[in-house]
Amino acid sequence: MRAIIMNSVGGVENLVEKEVEIPKISNEDVLLKVVGCGICYRDVLARKGFMRVRPPVIPGHEIVGRIVEVGDRVPQNFKKNDLVASLIYIYDPKDPKCVEGRENICRSRVSIGEERDGCYAEYISLPHWILVKIDDPGETPPEAYSFAACVIGTLVRALKTIGKAVRGESVLITGASGGIGIHAIQVAKAYGLKVIAATRSSEKAEKIKIFNPDHIIVYKDRFSEEVRKLTDGEGVDYVIESVGGPTLTESIRSLRWGGKILLIGNVDPSPYQMMLGHLILRENSILGVMNSCKHELREAIDLLRKGFVKPVYKTISLDQDSVREAHQIIERGGSFGRIIIKP
Ligand SMILES: [Zn+2]
């Protein structure tokens, strides 16, 4: 099969197209023909050596595929030709601490596309317990389900599971025109939240209007003052923070007293300095959100199927030049929506 291998950490020249063997499956695995593989900012960080990555490895953790082979001990409900979406990691189903709802922080978690082969390939073998069946994709194209777990599922976990947001509350979305931000606007609107979208690009601000955020802020360096103006001086209940270090200080200043930062991404791995008193005096909190669990993946699939979330993406083919170029575009923040490899 064709695959892109990451030979070592470093620049995009380490992503190399190769002909490799189709993976073998064990008793508990299924073999998937990859229908779509999302390219994530995390892939860029992994390539640059910021994640626990073991090259040579096939990158890619955002997977939707069709089952072509089923192991002997895979439950009957998984059959050939089924469309399935995957979690982005493999957890240990026998570890009592990794119960459903917390499997995302299983200590023996293995990251797909980093510590073992991922989906920049025509086929991938995966254990059945990390998969969720998509019985009916509805009007959403099958390849779009590749980012159900990593993008939509994470937003479900952030707002619903961790934030416990309720209808009528307010949320600021940083990086609103990015691959996560555009979908964050839609998930937040689906939950009945008042959405303020912040972006640095006036051109992209025009494009996000169709997702109906209640307000759009186009900013250069600061946005907190404008957020306060839009919220009667109070600030927002939540910030979906997908940018991280570069916007976090302004995000904290945008919170109302008791408000929460839901930290789902960080583009800058260097240390971050902050005034801790700010958190204490206003009882603000910063909550890390580590991707999604199976129940959130199920809800993400539902949001896509019912059309509450319209996926924004473009597709590329599985070849070295396209994948290298996609990494470069994502690294400089130039993509409107997500990029999906369609092998
Ligand atoms: Zn991802």
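Just above sits the structure.
Small disclaimer: the values here were computed from a predicted structure and weren't measured.

### Re a nonpolar patch on the surface
- Nonpolar side chains collect at one region of the surface, where Leu276, Ile280 and Leu281 lie side by side and expose about 380 Å² of accessible area between them.
- Within the fold, Leu276 resides in helix H7 (residues 276–281).

### So, the environment of Ala188
- With respect to the helices, strands and loops of the structure, Ala188 is situated in helix H3 (residues 179–190).
- Residues Ala188 and Ser170, 18 residues apart in the sequence, show an inter-C-alpha distance of 9.0 Å.
- What Ala188 contacts, discounting residues up to four positions off in sequence, is Leu159, Val171, Ile173, Leu193 and Val195.

### Re the state of the cysteines
- The tally for this structure, following the rule as stated, stands at 2 disulfides.
- At a sulfur-sulfur separation of 2.4 Å, the disulfide partner of Cys98 is Cys106. Measuring the twist about the S-S bond at about 75°, one finds the Cys98-Cys106 disulfide to be right-handed. An identical accessibility class is assigned to Cys98 and Cys106; each is buried.

### Some points on helix H2 (residues 148–162)
- Here H2 spans only 18 Å end to end across 15 residues, well under the 21 Å set by a 1.5 Å rise per residue.
- The element H2 is extensively covered by neighbouring structure, given that 12 of its 15 residues are classed as buried.
- Within H2 the residues assigned to the buried category are Ala148, Ala149, Cys150, Val151, Ile152, Gly153, Thr154, Leu155, Val156, Arg157, Ala158 and Leu159.

### What about the coordination of the zinc ion?
- Taken together, Cys40 (SG), His61 (NE2), Glu62 (OE) and Cys150 (SG) make up the protein donors of the zinc ion, found 2.0 to 2.3 Å from the metal.
- Angles of 99 to 121° at the metal separate the 4 donor atoms of the zinc ion, which places the site in the tetrahedral class.
- Here the donor residues for the zinc ion map to a single chain with the spacing C-x20-H-E-x87-C. One end of the pair, Cys40, is in the loop between strand S3 (29–39) and helix H1 (41–47); the other, His61, is in the loop between H1 and strand S4 (62–70), with 21 residues separating them in the sequence.

### Some thoughts on the packing of aromatic side chains
- Scanning all chains against the criterion turns up 2 aromatic pairs.
- Arranged with centres 6.4 Å apart and planes meeting at 70°, the rings of Phe147 and Tyr313 form a pair that is edge-to-face. Remark: Tyr313 occurs in strand S16 (residues 313–316) and Phe147 occurs in the loop between strand S9 (131–133) and H2; sequence separation between them is 166 residues.
- Take Phe147: its relative accessible area is 0%, and that puts it in the buried class.
- Seen from their ring centres, Tyr219 and Phe223 are 4.9 Å apart, and the 70° between their planes marks the pair as edge-to-face.
- Given a relative accessible area of 9%, Tyr219 falls into the buried group.
- Owing to a relative accessible area of 1%, Phe223 belongs among the buried residues under this scheme.
- Against the face of Tyr123 rests Lys33, its NZ or CZ located 5.4 Å from the ring centre.
- One cation-aromatic arrangement involves Lys207 over Phe336; the distance from NZ or CZ to the ring centre is 4.8 Å.

Rules and cut-offs
- Residues numbered from 1 in each chain as written.
- Predicted model: local features only at pLDDT ≥ 70, side-chain atom pairs only at ≥ 80, totals over all residues.
- Heavy atoms only, no water.
- Patch = residues over 30% accessible without salt bridge, like charges linked within 9 Å, V, L, I, M, F, W, Y side chains within 5 Å.
- Areas by Shrake-Rupley, 256 points an atom, 1.4 Å probe, with all protein chains shown as cover.
- Salt bridge = Lys/Arg side-chain N within 4 Å of Asp/Glu carboxyl O.
- Helix = DSSP H or I, 4+ residues; strand = E, 2+ residues; numbered from the N terminus.
- Contact = heavy atoms within 4.5 Å.
- Disulfide = S-S within 2.5 Å.
- Buried < 20%, exposed > 50% of the residue type's maximum accessible area, 1.4 Å probe, protein only.
- Expected span 1.5 Å × (residues − 1).
- Donors = N, O, S within 2.8 Å, 3.2 Å for Na, K, Ca; no water.
- Tetrahedral: all angles 85-135°; square planar, octahedral: opposite > 155°, others 65-115°.
- Phe/Tyr/Trp six-rings, centres within 6.5 Å; stacked < 30°, edge-to-face > 60°.
- Lys NZ or Arg CZ within 6 Å of the ring centre and 35° of its normal.

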